[in-house]
Amino acid sequence: MATGPEHGLKWIVWQRIKNSILEDCKKPGIWKVLILDQFTTQLLSSCCKMSDLMSEGITIVEDLFKIREPVPEMKAIYFITPTAESVEAFIKDWKPKAKYKAAYIYFTDCCPDELFSKIKMDCARHIRVCKEINISFLPQESQVFTCDNPGAFRSIYSPHSEDRLKTLETLANQIVTLCATLNENPGIRYKKDSSVQYAKQLAEMVDRKLEEHYKVDGSAKKDKTQSQLLIVDRGFDPVSPVLHELTYQAMAYDLLPIEKDTYKYKHKDGTVKEALLNESDELWGRLRHMHIAQVTEKIPKLVKEISASKKTPDSKISIGSLANLMKKMPSVRKQLAQKTVHVNLAEDCMSHWENGKIEKLCQVEQDLAVGMDLEGQKVKDPMRTLLPVLLPPKDRYTKHNKIRAVLLYIFSLNGTTEENLNKLIEHVEITNERDYILNWKELGVPIIASMSLFRRTARREREEQEDRYSTSRWTPVIKDVMEDAVVNKLDWPHVSGAPTVWNGSRAVSARQKHKGSADDHHGSSKLIIFILGGVSYSEMRCAYEVTQATKSCEVFIGSSHILTPDGLLNDIQRLTTAVSIEKFTIENERTS
């Protein structure tokens, strides 16, 4: 079975791959080789396991670009991207001598005519099947997708960009394959009155390409379905990706060096262990959107559960002893391993929280972001709120943390004076790195007060919740958008046609505390959000919360990539760096 909840995006993608590729060329008793490139390796890894592939008659999975031994008695399935590099590597497998008995080629997306002609000319007699299956996005989670293109941020927002149009076209094609995979032809909308127009431009491209797609694919539905696709620029909400978020997943990816969803931690015996943080870890799925305070409350209970399972006194439980229990109990090895990982991960988060003095910093950030203090009084002097972060000692907070606080101060004012900005830059000691702050203007976010007519969107007042923490009062703006869209209160223009019916009387306010289930959303309308320039973990969480709060709508959210605060700051800082200088720097780093 593919990883992730049933009927989630990963499950849908796996079913599509299974039906379009594996079932298409499956014969009882005949095993095949599956050959993948870099993107399709990531795609399959995200939605299935090797055991899933073996059950479909796949005996070997190979890398397209690595040297492989010929297996002339076996047929080969090529699941690859329609790029010159992948096509060239495919042709090499058949010239001058064939490595396999026959080829079944499946492209993730539309193959350009010149590449198709090249394949036809060089390898036609070896090919049994050649199809395009239209999946060129990654299902990151059950309700989250990415286009696996972090470089799109620079391509879209840099004033030096030479490939903006090409990047928008590529993203549009990938979004179309997402809609096709979900079997939707949504009404497409974008945020109006934005100071940058890239979201509008992308929305128009997607609308045109969707129409073309459903004309070509005669078997697909052509009319607008009961779903919506909303496209926004990253500058639409600059606060959420900069703020310290204290839910488990967002906090871990912000404070810890987690790369490719892999968390590394030290075992008690000194060995370094690795754990993959994804939906195959059921405990991660349960904990990831909880506040860290709730998670740390649950960790002792988890340890007690492990203790009870072996009738071991709580006082003797330790991370080291858990490993011994695992060796003795193969049937519960996986469950114990997951609990061990989260004991370490939660402790690691809290250690960074305490050592980095994050709690006081979060209070400042929340006051600036929300515009009110803990008592509910309006912040009248934002500089006074910011001051504790800037005061000595200088090493109290890291450079990035101080920059984040300064940015939130500037965002709260819709820009500051040039004189005040220079003083802030001097205090944070980034005189030679002021692009960390200045380059936000490339996203349409005002840094100097007079430079733009941009105004922060008025936020609705949310009811005080008993479980809301003082350091987590901010709600991402995209959640307001999701909620408004679900109840037909979103005042955004459609590119062309609107959905024939959008939920209708089935719409339920996302602000009501409805306990949804998977069955509630089976066959429901879909709301797809695409943030141009990266999506934050807090915004990803909102998709699950709004889906859970409604009976009638399932929310999917995605972007070119998933961002972290530090990663975003570095991307912002490099926006105005000329490409030639950037390449020169990289070359110097390689040779030094």
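Residues numbered from 1 in each chain as written. Predicted model: local features only at pLDDT ≥ 70, side-chain atom pairs only at ≥ 80, totals over all residues. Heavy atoms only, no water.

Visitor: For this particular structure, what's the right way to read the side chain of Ser 240?
Guide: Mapped onto the secondary structure, Ser 240 falls in the loop between strand 9 (228-233) and helix 9 (248-255). Take Ser 240: its relative accessible area is 5%, and that puts it in the buried class. Reaching out from Ser 240, the side chain makes a polar contact with the side chain of Trp 474 at a distance of 2.9 Å. Apart from residues lying up to four places away in sequence, Ser 240 is in contact with Trp 474, Pro 476, Val 477, Ser 536, Ser 538 and Glu 539. (Helix = DSSP H or I, 4+ residues; strand = E, 2+ residues; numbered from the N terminus. Buried < 20%, exposed > 50% of the residue type's maximum accessible area, 1.4 Å probe, protein only. Polar contact = N/O pair within 3.5 Å; in protein donor to acceptor, adjacent residues only side chain to side chain. Contact = heavy atoms within 4.5 Å.)

Visitor: Would you explain the nonpolar core in this entry?
Guide: The tendency in soluble globular proteins is for nonpolar side chains to be buried side by side. Within the largest apolar cluster, 147 residues are counted, with the highest numbers of intra-cluster contacts made by Phe 79, Leu 202, Val 206, Ile 437, Trp 440, Met 482 and Phe 530. Setting aside anything within four residues of it in sequence, one finds Ile 437 in contact with Ile 403, Val 406, Leu 407, Ile 410, Leu 421, Ile 425, Ile 430 and Ile 447. Counting 22 residues, the second largest nonpolar core, distinct from the first, contains Met 74, Val 87, Ile 91 and Tyr 100. (Core = buried A, V, L, I, M, F, W, Y, C linked by side-chain atoms within 4.5 Å.)

Visitor: Just checking my understanding: could you explain the sheet that holds strand 4 (residues 103-107) for this structure?
Guide: Working definition: the strands of a sheet are paired by backbone hydrogen bonds and lie parallel or antiparallel to each other. One open sheet accounts for 5 strands, arranged 2-1-3-4-5; its pairing is parallel. Edge positions in the open sheet fall to strand 2 (58-63) and strand 5 (127-132), since each of these has one partner strand only. Geometrically, the sheet is characterised by an average inter-axis angle of 15 degrees between neighbouring strands, direction not taken into account. Relative to strand 5, strand 4 runs parallel, the two sharing 5 bridges. Within strand 5, the position partnered with Ile 105 by the bridge is Cys 130. Seen against the sheet, helix 1 (residues 9-22) touches strand 2, strand 3 (75-80) and strand 4 and runs at an angle of roughly 135 degrees to strand 3. (Pairing = 2+ DSSP bridges. Axes fitted to C-alpha atoms, helices over the stretch in contact; angles between N-to-C directions.)

Visitor: Explain the packing of aromatic side chains here, please?
Guide: The tally for this structure, following the rule as stated, stands at 14 aromatic pairs. Aromatic side chains Phe 90 and Trp 94 sit 6.2 Å apart centroid to centroid with 50 degrees between the ring planes, which places their arrangement in the tilted category. As far as the burial class goes, Phe 90 and Trp 94 line up, both buried. For the pair Phe 236 and Trp 492, a centre-to-centre distance of 6.1 Å together with 85 degrees between the ring planes defines the contact as edge-to-face. Highlighted residues: Phe 236 in the loop between strand 9 and helix 9 and Trp 492 in the loop between helix 19 (477-486) and helix 20 (518-521), separated in sequence by 256 residues. (Phe/Tyr/Trp six-rings, centres within 6.5 Å; stacked < 30°, edge-to-face > 60°.)

Visitor: Looking at this structure, I do not really get helix 1. What am I missing?
Guide: Residue pairs three or four apart in sequence face the same way in an α-helix, which turns once every 3.6 residues. In this model, helix 1 (14 residues) spans 19 Å end to end at C-alpha, consistent with the 20 Å of a helix rising 1.5 Å per residue. With respect to burial, helix 1 is a largely interior element, 10 of its 14 residues being buried. When helix 1 is considered as a whole, its buried residues turn out to be Leu 9, Lys 10, Ile 12, Val 13, Trp 14, Gln 15, Ile 17, Lys 18, Ile 21 and Leu 22. (Expected span 1.5 Å × (residues − 1).)

Visitor: For this particular structure, what's the right way to read the pattern of salt bridges?
Guide: Pairs can form between side chains of opposite charge once their charged atoms are near each other. Taken as a whole and assessed by the stated rule, the structure comprises 24 salt bridges. The closest approach of N and O atoms between Glu 169 and Lys 209, which form a salt bridge, is 2.7 Å. Here the residue Glu 169 occupies a position in helix 7 (residues 164-181), and Lys 209 occupies one in helix 8 (residues 198-216), the gap between them amounting to 40 residues. Judged by relative accessible area, Glu 169 falls into the partly exposed class, the value being 24%. Assessed through its relative accessible area of 14%, Lys 209 is described here as buried. For Glu 419, the salt bridge is made with Lys 423, and the minimal N-O distance between the two is 3.8 Å. (Salt bridge = Lys/Arg side-chain N within 4 Å of Asp/Glu carboxyl O.)

Visitor: It is not clear to me how the side chain of Ser 538 should be interpreted in this structure. Could you clarify?
Guide: As for its placement among the helices and strands, Ser 538 is situated in helix 21 (residues 537-549). In terms of polar contacts, Ser 538 uses its side chain to reach the side chain of Ser 536, at 3.1 Å. Residues in contact with Ser 538, not counting those within four places in the same chain, are Ser 240, Glu 245, Ala 250 and Pro 476.

Visitor: Looking at this structure, I do not really get the sheet that holds strand 9. What am I missing?
Guide: Taken in spatial order, the 6 strands of this open sheet run 6-7-13-12-9-8, and their pairing is mixed. Taken across any chain shown, the strands that pair with only one partner, and hence form the sheet edges, are strand 6 (138-141) and strand 8 (187-190). Each neighbouring strand pair of the sheet contributes to a mean axis angle of 25 degrees, computed without reference to strand direction. In the packing of helix 7 onto the sheet, the strands contacted are strand 7 (144-146), strand 9 and strand 12 (525-532), and the crossing angle to strand 12 comes to about 160 degrees. Taken strand by strand, helix 19 contacts strand 9, strand 12 and strand 13 (553-559), and its axis lies near 150 degrees from that of strand 12.

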